[in-house]
Amino acid sequence: MTRRHTTLSTTLGDLLAVAEDLDGQDALIGLYFPAHWHPPADGTIGHHVPPTGDRLFTTLAGELAAYLSGSLTTFTTPVRTHGDAFSEQVWDRLARIPYGATTTYGVIAAEFGNRNLAQRVGQAVGHNPVSILVPCHRVVGSDGSLTGYAGGLDRKRTLLALESPPADDAGRLF
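Quick summary incoming for the structure in this document. Predicted model, so just to flag it, every value in this text is computed and none were measured.

Conventions and cut-offs
Residues numbered from 1 in each chain as written. Predicted model: local features only at pLDDT ≥ 70, side-chain atom pairs only at ≥ 80, totals over all residues. Heavy atoms only, no water. Pairing = 2+ DSSP bridges. Helix = DSSP H or I, 4+ residues; strand = E, 2+ residues; numbered from the N terminus. Phe/Tyr/Trp six-rings, centres within 6.5 Å; stacked < 30°, edge-to-face > 60°. Lys NZ or Arg CZ within 6 Å of the ring centre and 35° of its normal. Contact = heavy atoms within 4.5 Å. Axes fitted to C-alpha atoms, helices over the stretch in contact; angles between N-to-C directions. Buried < 20%, exposed > 50% of the residue type's maximum accessible area, 1.4 Å probe, protein only. Arc of directions from axis to C-beta.

1. Digging into the pairing of strand 2 (residues 13-22)
Regular strands have side chains that alternate between both faces of the sheet.
Turning to step 1, where the next piece is worked out: Bridge count for strand 1 (residues 2-10) against strand 2 is nine bridges, and the pairing is antiparallel. Following the sheet pairing, T7 is matched in strand 2 by L16.
Turning to step 2, where the next piece is worked out: Count of turn residues in the strand 1/strand 2 antiparallel hairpin: two residues.
Turning to step 3, where the next piece is worked out: By the bridge criterion, seven bridges tie strand 2 to strand 3 (residues 25-32) in an arrangement that is antiparallel.

2. Let's talk about the packing of aromatic side chains
Turning to step 1, where the next piece is worked out: Considering all chains together, one arrives at four aromatic pairs under this definition.
Turning to step 2, where the next piece is worked out: Through a chain of ring-to-ring contacts, three or more aromatic side chains come together here, namely Y67, F75 and Y99.
Turning to step 3, where the next piece is worked out: Stacked on the ring of F57, the Lys or Arg R4 has its end atom at 5.2 Å from the ring centre.
Turning to step 4, where the next piece is worked out: Here the guanidinium or amino end of R120 rests over the ring plane of F86, the centre of that ring lying 4.0 Å away.

3. A few points about the sheet that holds strand 1
Turning to step 1, where the next piece is worked out: Spatial ordering of the open sheet is given by 3-2-1-4, a layout of four strands whose pairing is mixed. Edge strands, defined here as strands with exactly one partner in the open sheet, are strand 3 and strand 4 (47-48).
Turning to step 2, where the next piece is worked out: Along the sheet, helix 1 (residues 55-68) makes contact with strand 1, strand 2 and strand 3, crossing strand 1 at roughly 30 degrees.

4. Some points on helix 5 (residues 153-163)
Turning to step 1, where the next piece is worked out: Within the sequence span of helix 5, burial applies to K156, L159, L160 and E163. Seen along its axis, helix 5 keeps its buried residues to an arc of 95 degrees; they face one direction. Among the exposed residues of helix 5, those oriented more than 90 degrees off its buried face are D154 and A161.
Turning to step 2, where the next piece is worked out: Packing partners of the buried residues in helix 5 comprise helix 1, helix 3 (105-111) and strand 6 (139-140).

5. Focus: unusual backbone geometry
Generally, phi is negative for residues other than glycine and the peptide bonds are trans, each holding for most cases.
Turning to step 1, where the next piece is worked out: Positive phi values are uncommon outside glycine, yet D23 reaches one of about 55 degrees.
Turning to step 2, where the next piece is worked out: For D23, the position within the fold is in the loop between strand 2 and strand 3.

Structure representation (structure tokens):
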């Protein structure tokens, strides 16, 4: 297993990208904002590489730029997560939230068979290691309010606004 990292400049600020090649299968394992709530542990991100010249990071940078400009709705960069069984279930569910849609912690908990798991779902969402590609920004409070986001609520608001359909497409006046 070989890990490496780089910094990608985006309209949301710099992102720390961490990748891992495991038995010839290269994948993104982390994408972190500055001051991320749960950054990777020291010594776990591998060696630094420039963002250009690395196929996975070049693809990721292009996809992020296209997504943030509104011209990409689905990422193809391979992603691999390393969490406990419950977190993996939550992250898999996050990955299936459609572009432009939102859900709540309670809805996800109910899908897992116990609405009382909402707080535990929230903890797993907050520990999502692959921001944006595993779209934890699409999870909101039960009343539709913006709740915590490891990249900050301003970024969450920006991402949700980016994915919102134009007012006329959504049946809104403005």
